[in-house]
Amino acid sequence: ALRGNLAAQWWDSALAFREQVFAVDAPLHGPPAAGAPRAGQGFRLVHSETLREALQGRGCSREPGGPSLEEVLGTAGMLRESLLPGALAQYVSCLELVNKRLPCGLAQIGVCFHSLPESEQLSRSLRRIGERTTSLLAWFSSPRTAGQWLDYWLRQRLQWWRKFAVGPSNFSSSDFQDEEGRRGFNLHYSFPWGTETIETLKNLGDTELLQMYPGDSSKLLGRDGRKNVIPHVLSVSGNLDRGVLAYLFDSLQLAENPLTKKKNSQRKVLKLHPCLAPLKVALDVGKGPTTELRQVCQGLFNELSENRISVWPGYLETMQVSLEQLYTKYDEMSVLFTVLITDATLENGVVQLRSRDTTMKEMMHISRLKDFLTKYVTSAKNV
């Protein structure tokens, strides 16, 4: 749920240029790359029976006409290691949608595959692959303005990552040049064990685009004012899995526990940003007739869920715990608000609302709850 919320916020930021950016959904795998060695590098998609037959064929028991290992690997589909090729394949269609006017962009979130590091391999002789959820904005601009756009996206992306953080300074950037002299930036998060890259921005020039469309390059031409130019590709590629981990570390706070008088007593609070928190509210029952209180909770649960406010149905718990233990549990779950339904609710419609961040409790009429929660999350999103 946290990764889903982060992805939703990414889409909102990527599609801010709604007239110029289009969402794409390229397949997880494709045919062998044209011109690549028959059994070259890369992750292949092979049926286990086909692979078994090919491996048996390397011995003495090979059946006549059976496939060789080279043939199997050479014709197998390729698992994607990057979202970029799939996006570039949609460039010409994108160009038509914007009447060939630059700049324009393509956006996608999807799973990519990578080789696990040696420390995570179970055997030195067997290489395992892993997957990561990746975001990509491929931005096509004229060579004249590509440098300015790269700087623009650097500012936008660093501001975006910091927007949801308790400690924004843990997100930073650094510049680099690749072996071909192409300029780019890495965005980092400072984890307890060191700094890791969460997003990479790079000016790829026109090389990848020309390789994707060999031969007739005239269909790649976009309009930059009165000129027709082959655009430069700016790649903004993020690792959402590592981004989720960054926000988990960023939001874990140790605060003084107001519920106890013991010295050095601290409470753990997962202070995820309201837009990222998987659960916005928890519903629980206090003193009063259990059946009637649960009916009220069920009605409120349905109302909030219908308005896309995520709810934890704490009223279904059968094991009784104290309110202090309940609040501690919900703070660690990063639940924004705890709503307590009591016999007072049955009498006058008033519920108790407790905040995760301030630990303050206030009384509110049940009819105001939906609008309050909606406005709270919306205002946090617009900060």
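For the structure itself, look to the data block above.
I will try to describe carefully the structure that is included in this document.

Criteria and cut-off values
- The residue count restarts for each chain, going from 1 along the sequence in the order it is written.
- Confidence filtering applies because this is a predicted model: local features only for residues at pLDDT of at least 70, side-chain atom pairs given and counted only at 80 or more, and all residues used for totals across whole chains, interfaces and linings.
- As a rule here, side-chain values come from all non-hydrogen atoms in the structure, and water together with hydrogens is ignored.
- Here's how the labels work: a residue is buried when its accessible area is under 20% of the maximum for its type, exposed when over 50%, partly exposed in between, all with a 1.4 Å probe on protein chains only.
- Put simply, DSSP marks the helices as runs of H or I at least four residues long and the strands as runs of E at least two long, and each gets a number from the N terminus on.
- DSSP-based pairing: two strands are paired if at least 2 bridges between them are found.
- Two residues qualify as a contact provided that any one of their heavy atoms is within 4.5 Å of a heavy atom in the partner residue.
- Definition used in this section: a nonpolar core is a set of buried Ala, Val, Leu, Ile, Met, Phe, Trp, Tyr and Cys residues joined via side-chain atoms within 4.5 Å.
- Polar contacts here mean pairs of N or O atoms no more than 3.5 Å apart (in protein, one a potential hydrogen donor and the other a potential acceptor; neighbouring residues in sequence count only if both atoms are side-chain atoms).
- In this analysis, axes come from line fits to C-alpha atoms, helices being fitted only over the stretch in contact, and the angle between any two N-to-C directions falls in the range 0 to 180 degrees.
- Put simply, a crossing is left-handed when the front helix is turned counterclockwise from the back one by less than a right angle, and right-handed when it is turned clockwise.
- Our angle categories are set so that under 35 degrees counts as roughly parallel, over 145 as roughly antiparallel, 65 to 115 as roughly perpendicular, and the remainder as oblique.
- Residues are grouped as follows: Ala, Val, Leu, Ile, Met, Phe, Trp, Tyr, Cys and Pro are nonpolar; Asp, Glu, Lys and Arg are charged; every other residue, Gly included, is polar.

**Remarks on the pairing of strand 8 (residues 183-191)**
- Among the nine residues of strand 8, seven are classified as buried, and the element is accordingly described as predominantly covered.
- Bridging between strand 7 (residues 171-177) and strand 8 involves seven bridges; their strand directions are antiparallel. When the sheet's bridge partners are listed, S172 is paired in strand 8 with H188.
- Where strand 7 folds back on strand 8, the antiparallel hairpin that results is connected by five residues, among which G181 adopts a positive phi of roughly 80°.
- Bridging between strand 8 and strand 9 (residues 194-203) involves eight bridges; their strand directions are antiparallel. Opposite N186, over in strand 9, you have T200 as the bridge partner.
- Between strand 8 and strand 9, which follow one another and run antiparallel, lie two residues.

**Here's the deal with the environment of I198**
- With respect to the helices and strands, the residue I198 is situated in strand 9.
- In this structure, the C-alpha to C-alpha distance between I198 and R242, residues 44 residues apart in sequence, is 6.1 Å.
- Beyond its immediate sequence surroundings of up to four residues, I198 is in contact with W161, F171, L187, H188, Y189, S237, G238, N239, R242 and G243.

**A few points about the nonpolar core**
- Ranked by size, the top nonpolar core spans 57 residues in total, and within it L6, W153, W161, F171, Y247, V281 and V339 carry the most contacts.
- With eight residues, helix 6 (residues 146-163) is the largest single contributor of residues to this core.
- Not counting chain neighbours up to four residues away, the residues in contact with L6 comprise W160, W161, L240, G243, V244, Y247 and L276.
- Core analysis: the second largest hydrophobic core is formed by 23 residues, L84, L95, A138 and Y213 among them.

**Description of the side chain of D331**
- Within the secondary structure, D331 is located in helix 10 (residues 323-332).
- Its relative accessible area of 2% is what places D331 among the buried residues.
- One polar contact links D331 to R354, side chain to side chain, over a distance of 2.8 Å.

**Notes on the sheet that holds strand 2 (residues 29-30)**
- Here we have three strands laid out as an open sheet, ordered 2-4-3, and antiparallel in their pairing. Looking at strand neighbours, the two that pair on one side only are strand 2 and strand 3 (43-45), the edges of this open sheet.
- Sheet topology note: the strand 3/strand 4 (residues 77-79) ladder contains three bridges and is antiparallel. Paired with L45 across the strands is G77, a residue of strand 4.

**A few points about the sheet that holds strand 19 (residues 361-365)**
- One open sheet holds the five strands; their spatial order is 16-15-17-18-19, and the pairing between them is mixed. On the outer flanks of this sheet lie strand 16 (311-312) and strand 19, each paired with one strand and no other.
- In this sheet, strand 17 (residues 337-341) lies alongside strand 15 (residues 281-285) in parallel orientation, the contact comprising five bridges. Considered in strand 17, the bridge of V285 is made with I341.

**Thoughts on the packing of helix 1 (residues 2-14) against helix 6**
- Between helix 1 and helix 6, the least distance of the axes is 12 Å, while the angle of their chain directions is 145°. Relative to helix 6, helix 1 is oriented so that their crossing is right-handed. Here helix 1 contributes L6, Q9, W10 and S13 to the contact with helix 6, which in turn contributes R157, W160 and W161.

**Here we look at the packing of helix 1 against helix 8 (residues 240-251)**
- Two numbers describe how helix 1 lies on helix 8: the axes approach to 10 Å, and their chain directions differ by 110°. Classified by the angle their axes make, helix 1 and helix 8 are roughly perpendicular. Listed contacts from helix 8 to L2, R3, L6 and A7 of helix 1 are L240, D241, G243, V244, Y247 and L248.
- Along the lines of polarity and charge, the residues of the contact of helix 1 with helix 8 split into seven nonpolar, one polar and two charged.

**Description of the side chain of N186**
- Mapped onto the fold, N186 is located in strand 8.
- A polar contact of 2.9 Å, which involves the side chain of N186, links it to the side chain of T200.

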